[in-house]
Amino acid sequence: MKDQILLVQNDALAAIAAAPDARSLEEARVSVLGKKGSLTVLSAGMKDVPPAEKGEIGQLLNSARTAITAALDAKQADLQEIADRAALVGIDPTLPARALPAGAVHPLTLLRERAVGILRRMGFALADGPEIEDEFHCFDALNTPADHPARNAKDTFYFDSGKLLRTHTSSVQIRMMEKCAPPLRITAPGTAYRRDEIDSTHLSAFHQLEGLYVDTDVSLPDLKGTLEAFLREMFGADTAVRFRPHFFPFTEPSFEIDVKLEVKGQAPRWIEVAGCGMVDPAVFEAVCQSRKDRAYDPEKVTGFAFGMGLERLAMIQWGIRDIRLLIENDVRFLRQFA
Ligand code: DAH
């Protein structure tokens, strides 16, 4: 039995050493270690070995198996290395890799993320709402009368169903107040749609960033302080900001906000960036009716709201003269922001 074991071991090691490829190596393995392999058959003979010799024979069998397995592994590694080398013939793996062009975010995305980040640090949570809206959320609840020009079919994209593409992100104010009781502090970036002729300052699909803050004692100085701080963080600490009285149906008082744009070699100009104001009590009343509770009782809560045009902010930030550059996807333009 001892001799047989040594014989099987030597034969196996010789067959392994001689195997020219993976297939013959596998054949060698099966012929020794497989179900009917020579070593397997020998091991099965253990049961007939006299008890006194079992220890020694067992050890021999084990060391044969270990030696054969190690030889198989080593040979397999050798064969693999040979195959790898063959695969590399004619290829220089030390050459530097070909550079993959790196993508970058669109300038509007960049700007939106910065704006949302600043507002998040001021406690405004991210919110959104549908782009296909109904007249209630886009207009009625925002205190916009039926004969207001913004509701005109000439200015707004209506569907046959009576729904429409939202003309501003202010509809998200209503959606969020319906869902959440005050205090509420949200910002909602999103797309808005108007039937405008496209030119250097108008797109028919554009982006806005809405904001709303409602609590028991929100006041005009809160609005002013928050938006000034926001704009200075966006455009630099010495950015001049001015609030001009204006009219919006959903705020009272209402303002438009201008930022002073100072470009070298040009006279400074005031550029309008946002609308804002104190939420009109009529808006809170509409929300109460829709919620069927008094959570937004205008006698108890006050709030401010604002909406800015993201394209506008981008044009100011980077001195972009034509808004259409932001949707044409010309990489020569976009690459400058990468
Ligand atoms: N929705 C207005 C627009 O599209 C912008 C705006 C003005 C939003 C005043 C507001 C606001 O939240 O308070 O022109």
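All residue numbers refer to position in the chain's written sequence, counted from 1. Given that the model is predicted, a residue must reach a pLDDT of at least 70 before its local features are reported, and side-chain atom pairs must reach 80 or more before they are shown or counted; all residues, however, enter totals for whole chains, interfaces and linings. Heavy atoms from the whole structure form the basis of all side-chain values; hydrogens and water molecules are not counted.

Moving on to the overall build of the chain. The helix count covers DSSP runs of H or I at least four residues long, the strand count covers runs of E at least two residues long, and both are numbered beginning at the N terminus. When helices and strands are tallied, the chain shows twelve helices and nine strands. Burial classes follow relative accessibility: with a 1.4 Å probe on protein chains only, a residue under 20% of its type's maximum area counts as buried, one over 50% as exposed, and anything between as partly exposed. Looking at the 338 residues of the chain, the share that counts as buried comes to 39%. Working rule for contacts: check all heavy atoms of both residues, and any pair within 4.5 Å makes them a contact. For the chain, restricting intrachain contacts to residue pairs at least 6 apart in sequence, the fraction spanning at least 24 positions comes to 68%. Surface accessibility follows the Shrake-Rupley procedure with a 1.4 Å probe radius. Residue values consider only the protein chains on display as shielding. Surface exposure of the chain reaches about 19000 Å², of which carbon and sulfur atoms provide 54%. Of the side chains in the chain, 40 bear a positive and 48 a negative charge, and the two mean positions are spaced by 2 Å. For the purpose of counting charges, residues Lys and Arg are taken to be positive, whereas Asp and Glu are taken to be negative. His and the chain ends are not included. For the purpose of locating charges, the reference atoms are NZ of Lys, CZ of Arg, CG of Asp and CD of Glu.

A separate point is the nonpolar core. One broad rule of soluble globular proteins: the nonpolar side chains tend to lie buried together. Counting 44 residues, the largest nonpolar core has Phe-230 and Ile-257 as the members making the most contacts within it. Apart from the residues lying within four places of it in its own chain, the contact partners of Ile-257 are Leu-227, Leu-231, Val-241, Arg-242, Phe-243, Ile-271, Glu-272, Val-273, Ala-274 and Cys-276. Put simply, buried Ala, Val, Leu, Ile, Met, Phe, Trp, Tyr and Cys residues joined by side-chain atoms within 4.5 Å make one nonpolar core. Core analysis: the second largest hydrophobic core is formed by 23 residues, Val-172, Phe-250, Tyr-296 and Val-301 among them.

The buried fraction of strand S4 (residues 184-193) amounts to nine of the ten residues, a majority that puts the element mostly inside the structure. One bridge is not enough; two strands pair if DSSP finds at least two bridges between them. Here two bridges tie strand S1 (residues 125-126) to S4, and the two strands are oriented parallel to one another. Along S4, the bridge assignment pairs Ala-125 with Ile-186. The sheet contact formed by S4 and strand S5 (residues 205-215) spans ten bridges and is antiparallel. If you follow Ala-192 over to S5, its bridge partner there is Phe-206.

Here we come to the packing of helix H2 (residues 22-33) against helix H4 (residues 51-88). Axis lines are fitted through C-alpha atoms, for helices just across the contact stretch, and the angle between N-to-C directions can take any value from 0 to 180 degrees. With their axes 11 Å apart at the nearest point, H2 and H4 run at an angle of 170° to one another. Of the possible angle classes, the one that applies to H2 and H4 is roughly antiparallel. Contact residues: Ala-22, Leu-25, Arg-29, Val-32 and Leu-33 in H2; Arg-65, Ile-68, Thr-69, Leu-72, Lys-75, Gln-76 and Leu-79 in H4. Think of it as three bins: nonpolar holds Ala, Val, Leu, Ile, Met, Phe, Trp, Tyr, Cys and Pro, charged holds Asp, Glu, Lys and Arg, and polar takes everything else, Gly as well. For the contact of H2 with H4, the class distribution of residues is seven nonpolar, two polar and three charged. Relative orientations are named as follows: roughly parallel for angles under 35 degrees, roughly antiparallel for angles over 145 degrees, roughly perpendicular for angles from 65 to 115 degrees, and oblique for any other angle.

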